[in-house]
Amino acid sequence: MTDSTTDSTGDNVSPTQRLSEAGVAIWLDDLSRERLRTGNLAELISTKNVVGVTTNPTIFAAALAQGDAYDGILAELAGPPNNGDVEAAVERITTDDVRDAADLLRPVYDATGAVDGRVSIEVDPRLARDTAATEATAVRLWETVDRPNVMIKIPATVEGLPAITSTLAKGISVNVTLIFSIERYRAVMDAFLAGLEQAKEAGHDLSVIGSVASFFVSRVDAEIDKRLNAIGTQEALALRGQAAVANARLAFAAYEDVFSADSTGRWAALRAAGAQPQRPLWASTGVKDPSYRDTMYVDELVVAGVVNTMPEKTLDAFADHGIVLADTVTGSGEQAAAVIAAVEAQGISVDEVTAQLEDEGVTKFEVSWDELLTTTKTGLAGAGAGDR
């Protein structure tokens, strides 16, 4: 395979360049000090059209467990004044990495008028059901990283919704994460509008307040396919691998209801004041079933004005053989609704599935956070902190 295709003029155009030209912002769903130190992230920005980075506890736990990139900072944090404080060490390590990545992406941020060039850092997932603690942590992370192109990731739990509003109201950019259902997505958009309205009243510059709504994709197929397989009929099995894309396409239709260019509702007043829309972000786009095309959650969700955050494996696959033919989302709402209706007709409650996935998502990130704490504690001990 080559890493480019030939257009009608005979020019070689890479698949990632085509995706960017189609209006999809490519973000990398990974960050580590090793990527920063070796220049790997800079290379992906220059060669594969990466214009943003997302992180989560799982990513940081994996990064810290591999290689020696963190040995220096662990040795420093093992001594005074940190003295091996594990929680403080985790915050220092993660915010340092995010700050460095934000600096690397600052030219993109400036060139795109504060749209892209963004780096996300997640609030401690153990606070996902605690509104006040989420709000306080979001402010602290924003002030600690101290870069205009950072985004604070807040989960779209019921308790997270008011924290999203209050954080945006302070002029802080927010990446809303762990969205699975259309109903919750509509609540997220409402929280965004309320936050910007309050930010406007407070005199903040709306043009630099960024927000994305991270709508998870592959996990929906993973769970619904499991249930379809259990049913086992020909009709049920024929629906495998369809629900996730359909759900995401319905999410985009909901987005258009609120943020369309001819909107005359709350968004129109905010847009007139310079606000950016809260872009949909396709998250969890790595294919979990090896029988499916490895780029399906990229090429089937192509539409201008969205973000696709990819793990490197998916980014590499798309760069190698991804195909961008046209907008694969606009006007697909009726067909997507029919897919969801067909799944429901098999006795599978999509609402039940998405509620389960939200709970599992929070739990998985809590487990990863605990792994991050454990790995950090071990690293501090090895660097001389002992069992403080």
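If you're wondering where the values come from, they're calculated on a predicted model, not measured in any experiment.

Caption draft 1: Representation of the environment of Ala317. Mapping Ala317 onto the fold places it in helix α15 (residues 312-321). Accessibility expressed as a relative area gives 8% for Ala317, which makes it buried. With 36 residues separating them in the primary sequence, Ala317 and Leu281 have C-alpha atoms 19 Å apart. With near-sequence residues (within four places) excluded, Ala317 lies in contact with Asp294, Thr295 and Gly322.

Caption draft 2: Expanded view of the packing of helix α5 (residues 71-78) against helix α6 (residues 86-111). Across the interface, α5 lies against α6 with an axial gap of 11 Å and an inter-helix angle of 145 degrees. Remark: the crossing between α5 and α6 carries right-handed chirality. Contact residues: Ile73, Leu74, Glu76 and Leu77 in α5; Ala89, Arg92, Ile93 and Asp96 in α6. Among the residues making up the contact of α5 with α6, the classes are represented as 5 nonpolar, no polar and 3 charged.

Caption draft 3: Focus on the pairing of strand β8 (residues 211-216). Burial of β8 is extensive: 6 of the 6 residues sit out of reach of the surface. Residue alternation in β8 divides its side chains into two sets, Ser211, Ala213 and Phe215 and Val212, Ser214 and Phe216, and both sets are buried. Of the strand pairs in this sheet, strand β7 (residues 174-179) and β8 are connected by 4 bridges, and their pairing is parallel. Directly across from Asn175, in β8, lies its bridge partner Val212. Each parallel crossover has a hand, and the one from β7 via helix α9 (residues 182-201) to β8 is right-handed.

Caption draft 4: Examining the layout of surface pockets more closely. If you add up the space inside the largest pocket, you get close to 460 Å³. Around the largest pocket sit 24 residues that line it, and Asp29, Asn56, Ile59, Arg219 and Ser284 are the ones nearest its centre. Of all the secondary-structure elements, those providing two or more residues to the lining of the largest pocket are α4 (57-65), β7, β8, α10 (218-231), β9 (279-283) and α17 (350-385). Per-class residue counts for the lining of the largest pocket are 6 nonpolar, 12 polar and 6 charged. Quantified by volume, the second largest pocket comes out at close to 240 Å³. Of all the secondary-structure elements, those providing two or more residues to the lining of the second largest pocket are α2 (33-38) and α4. Taken together, the residues of the lining of the second largest pocket sort by class into 5 nonpolar, 5 polar and 4 charged.

The rules behind the values
- Residues numbered from 1 in each chain as written.
- Predicted model: local features only at pLDDT ≥ 70, side-chain atom pairs only at ≥ 80, totals over all residues.
- Heavy atoms only, no water.
- Helix = DSSP H or I, 4+ residues; strand = E, 2+ residues; numbered from the N terminus.
- Buried < 20%, exposed > 50% of the residue type's maximum accessible area, 1.4 Å probe, protein only.
- Contact = heavy atoms within 4.5 Å.
- Axes fitted to C-alpha atoms, helices over the stretch in contact; angles between N-to-C directions.
- Left-handed = near helix turned anticlockwise from the far one by under 90°.
- Nonpolar A, V, L, I, M, F, W, Y, C, P; charged D, E, K, R; others polar.
- Pairing = 2+ DSSP bridges.
- Right-handed = clockwise from strand over helix to strand, strands pointing away.
- 1 Å grid on protein atoms, 1.4 Å probe; cavity = no way out; pocket = protein on both sides within 12 Å on 5 of 7 lines; lining within 4 Å.
- Points joined across faces, edges and corners; volume = space filled by probe spheres on them.

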